[in-house]
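Each chain, written out:
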Amino acid sequence: MSEPILLTIPPEHAGRRLDQSLASLLPQHSRARIQAWCDAGEVSLNGRAAARDTRVFGGERVQLRPLPHPAEQAHAPEAIALDIVHEDEALIVVNKPPGLVTHPGAGNWAGTLLNALLHHCPQLAQLPRAGIVHRLDKDTSGLMVVAKTAAAQTALVRALQARTVSRVYWALAVGRIEPAAGTIDAPIGRHPVQRTRMAVLAEGKSARTHYRVLRQFAQAAWLECRLETGRTHQIRVHLAHLGHPLLGDPVYGRRAPAALSFHRQALHARSLALQHPVTGVAMHWQAGLPADMQRLLERLEDALAA
């Protein structure tokens, strides 16, 4: 906890709101942060907790105890359970559940995979991004590899850039997909208007996704997708571009009938294959579907059989 800041409201601030006065007296802190400290009960006037909109008269004694911004504690270890598929001296392979954010960021400063990894393996604090070399979206489940040493991290990043890491996904997409196998070769870039989305753009970065229909249902298809490149939201954007968005995709999907309803994008990183960064041995891992996707698949099977 930071040391408290002690100050006195000057007479010329009479009639101002407390947060407005403090923002003027403490220009190194934003008004939003000062308001957050008031809301947390960390600001007192003459010894009593004060609300942000309290009107001051001048002469009041203020005690303010600054709380750290969540971003300043983003790399704190947290005891979050991990499904570890493989671990050795150089790397960790985890099966990430849906709903777990990979890396801290705005709106998700804690409770992430990174926080869990730091608790499991404290030495990762010495590595950029705690050894994480690629990401999965919050609501995408499946396999990720994490480096435990700087040398392993460098080797894995280079392998990803050289496209020698094989990543295969299982997906459930809307509609009847024909042909039953193919390659989507369409460049992807940041959406020119909606900056939180990606889109197929002529000026985007090259992106290639190979797909194969594993099972065609009445209104949806179970696909195997193999990434040749690793652009943000690549599978989600490519399938939406074909007119077959993922079931449940809140960003690139569309309103689906009740039979196809799902609470997240139906995407799972099924398998991961790479050369071990130290031994050079070829390694391969697989992770079965999480329970929610398995239930969705069974629901589609039942509908087909009905």
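Conventions adopted
Residues numbered from 1 in each chain as written. Predicted model: local features only at pLDDT ≥ 70, side-chain atom pairs only at ≥ 80, totals over all residues. Heavy atoms only, no water. Axes fitted to C-alpha atoms, helices over the stretch in contact; angles between N-to-C directions. Helix = DSSP H or I, 4+ residues; strand = E, 2+ residues; numbered from the N terminus. Parallel < 35°, antiparallel > 145°, perpendicular 65-115°, else oblique. Left-handed = near helix turned anticlockwise from the far one by under 90°. Contact = heavy atoms within 4.5 Å. Buried < 20%, exposed > 50% of the residue type's maximum accessible area, 1.4 Å probe, protein only. Arc of directions from axis to C-beta. 1 Å grid on protein atoms, 1.4 Å probe; cavity = no way out; pocket = protein on both sides within 12 Å on 5 of 7 lines; lining within 4 Å. Points joined across faces, edges and corners; volume = space filled by probe spheres on them. Nonpolar A, V, L, I, M, F, W, Y, C, P; charged D, E, K, R; others polar.

Caption draft 1: Examining the packing of helix α1 (residues 18–25) against helix α2 (residues 31–39) more closely. Look at α1 against α2: their axes get within 9 Å of each other, and the N-to-C directions meet at 130 degrees. The angle between the axes of α1 and α2 places the two elements in the oblique class. For the pair α1 and α2, the crossing hand works out as right-handed. Seen from α1, the contacting residues are L18, D19, Q20, L22 and A23; seen from α2, they are R31, I34, Q35 and C38.

Caption draft 2: Looking closely at α1. Within α1, the full set of buried residues consists of L18, D19, S21 and L22. The arc that holds the buried residues of α1, viewed along the axis, is 160 degrees, so those residues lie on one side. The inward-facing, buried residues of α1 contact β1 (5–8), α2, β2 (43–45) and β4 (61–64).

Caption draft 3: Structural detail: unusual backbone geometry. Omega for the peptide link from E178 to P179 comes to 0 degrees, which places this bond in the cis form. Secondary-structure assignment places P179 in the loop between β8 (166–174) and β9 (181–185). Notably, A130 is not glycine yet its phi reads approximately 55 degrees, a positive angle. Here A130 is to be found in the loop between α3 (113–120) and β7 (141–147). Phi at H233 is positive, roughly 60 degrees, even though this residue is not glycine. By the secondary structure assignment, H233 is in the loop between β13 (220–227) and α5 (234–241).

Caption draft 4: Expanded view of the layout of surface pockets. Taken as a whole, the largest pocket spans an internal volume of roughly 1,300 Å³. When contributions to the lining of the largest pocket are tallied by element, the ones reaching two or more residues are α4 (150–161), β8 and α5. Residues that form the lining of the largest pocket fall into these classes: 16 nonpolar, 14 polar and 12 charged.

Caption draft 5: Fine view of the environment of A181. For A181, the position within the fold is in strand β9. Assessed through its relative accessible area of 45%, A181 is described here as partly exposed. Residues A181 and Y211, 30 residues apart in the sequence, show an inter-C-alpha distance of 5.6 Å. Leaving out residues up to four positions away in the same chain, A181 has contacts with Y211 and R212.

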